[in-house]
Amino acid sequence: MAKGTKKGKLGENVIAVNRKARHDFTIEETFEAGLALEGWEVKALRAGRAQIQEAYILIHHGEAFLLGGLINPLPTASTHIHTDPQRTRKLLLHKDELGKLVAATEQKGYTVVPLQLYWKRGKAKLQIGLAKGKKKHDKRADIKERDWERERARLLKEKNR
């Protein structure tokens, strides 16, 4: 490997993505949070056995928690440890970031959603977003915009041939 090059791209380090979040919500700001995990969970994440599709984030007493995130244990997990695939996991954030999230979620219409679970320098990180729910017409407009971008790219590609 040449000196100064990155070891891997973010795409190679991604464990799970919540595609539904960007469809259902308008993401206004993103944050990177660490996760308080147990040993069996880290091993399961390395094997890519995580889902955050149905997960959500709860802010309670000035702390953030990931609820509904599924980390399936490996079959080789220790028998003397009780593994709970959907246990509540604490998110590790800086105090000022947590303050921003608390202030924003107290406003009507704002929520915090998990966007992506990935590895960064050997540690599991969760990208979370401060989001506002989309109305049905907003979703339709996004779909229309996406279709137009796809069609435009197709037309430009045909024109350049």
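Refer to the preceding data block for the structure.
None of these values were measured; they are calculated from a predicted model.

A. Seen up close, the overall build of the chain. Looking only at helices and strands, the chain has 5 helices and 9 strands in total. Each helix (α) and strand (β) of the chain, taken in turn from the N terminus, gives the series α-β-α-β-α-β-β-β-β-β-α-β-β-α. With 161 residues in all, the chain has 32% of them scored as buried. For the chain, restricting intrachain contacts to residue pairs at least 6 apart in sequence, the fraction spanning at least 24 positions comes to 70%. Summed over its atoms, the accessible surface of the chain is roughly 11,200 Å², and 51% of this surface lies on carbon and sulfur atoms.

B. Structural detail: the pattern of salt bridges. Evaluated as defined, the whole model comprises 10 salt bridges. For Lys-20, the salt bridge identified is with Glu-54, shortest N-O distance 3.6 Å. With Lys-20 in helix H2 (residues 19-24) and Glu-54 in the loop between strand S3 (50-51) and strand S4 (56-60), this residue pair connects regions lying 34 residues apart in the sequence. Given the relative accessible area of 57%, Glu-54 is considered exposed. Here Glu-151 ties to Arg-154 by a salt bridge, and the two come within 2.7 Å at their closest N and O atoms. With Glu-151 and Arg-154 both in helix H5 (residues 136-159) and 3 residues apart, the pair spans about one turn of that helix. Since its relative accessible area comes to 32%, Glu-151 is described here as partly exposed.

C. Region of the structure containing the nonpolar core. Of all hydrophobic cores here, the largest spans 28 residues; its most connected members are Leu-45, Ile-57, Leu-91, Leu-93, Leu-117, Leu-126 and Ile-128. Those elements that provide at least two residues to this core are strand S1 (14-17), strand S2 (25-35), helix H3 (39-46), strand S5 (63-67), helix H4 (95-106), strand S8 (110-120) and strand S9 (123-133). When residues no more than four places from it in sequence are discounted, the contact partners of Ile-57 are Ala-64, Phe-65, Leu-66, Leu-91, Val-112, Val-113, Pro-114, Leu-126 and Ile-128. Core analysis: the next-biggest nonpolar cluster, separate from the first, contains 5 residues, Ala-21, Val-113, Leu-115 and Ala-131 among them.

D. The packing of aromatic side chains, seen in detail. Applying the stated rule across the entire model yields 0 aromatic pairs. When the ring centre of Trp-119 is taken as reference, the NZ or CZ atom of Arg-46 above it lies at 4.1 Å.

E. Up close: the sheet that holds strand S7 (residues 89-92). If you walk across this open sheet you meet the 7 strands as S1-S8-S9-S2-S7-S5-S4, and the pairing is antiparallel. Of all the strands in the sheet, the pair left with one neighbour each is S1 and S4. In this sheet, adjacent strand axes meet at a mean angle of 40° when their direction is disregarded. Alignment of S5 against S7, held across 3 bridges, turns out to be antiparallel. Opposite Leu-66, over in S7, you have Arg-89 as the bridge partner.

F. Local environment of the side chain of Asn-18. Examined against the element boundaries, Asn-18 turns out to sit in the loop between S1 and H2. In this structure Asn-18 comes out as buried when scored by relative accessible area, which is 6%. Apart from residues no more than four positions distant in its own chain, Asn-18 is found in contact with Ile-52, Gln-53, Pro-114 and Leu-115.

About the criteria used
Residues numbered from 1 in each chain as written. Predicted model: local features only at pLDDT ≥ 70, side-chain atom pairs only at ≥ 80, totals over all residues. Heavy atoms only, no water. Helix = DSSP H or I, 4+ residues; strand = E, 2+ residues; numbered from the N terminus. Buried < 20%, exposed > 50% of the residue type's maximum accessible area, 1.4 Å probe, protein only. Contact = heavy atoms within 4.5 Å. Areas by Shrake-Rupley, 256 points an atom, 1.4 Å probe, with all protein chains shown as cover. Salt bridge = Lys/Arg side-chain N within 4 Å of Asp/Glu carboxyl O. Core = buried A, V, L, I, M, F, W, Y, C linked by side-chain atoms within 4.5 Å. Phe/Tyr/Trp six-rings, centres within 6.5 Å; stacked < 30°, edge-to-face > 60°. Lys NZ or Arg CZ within 6 Å of the ring centre and 35° of its normal. Pairing = 2+ DSSP bridges. Axes fitted to C-alpha atoms, helices over the stretch in contact; angles between N-to-C directions.

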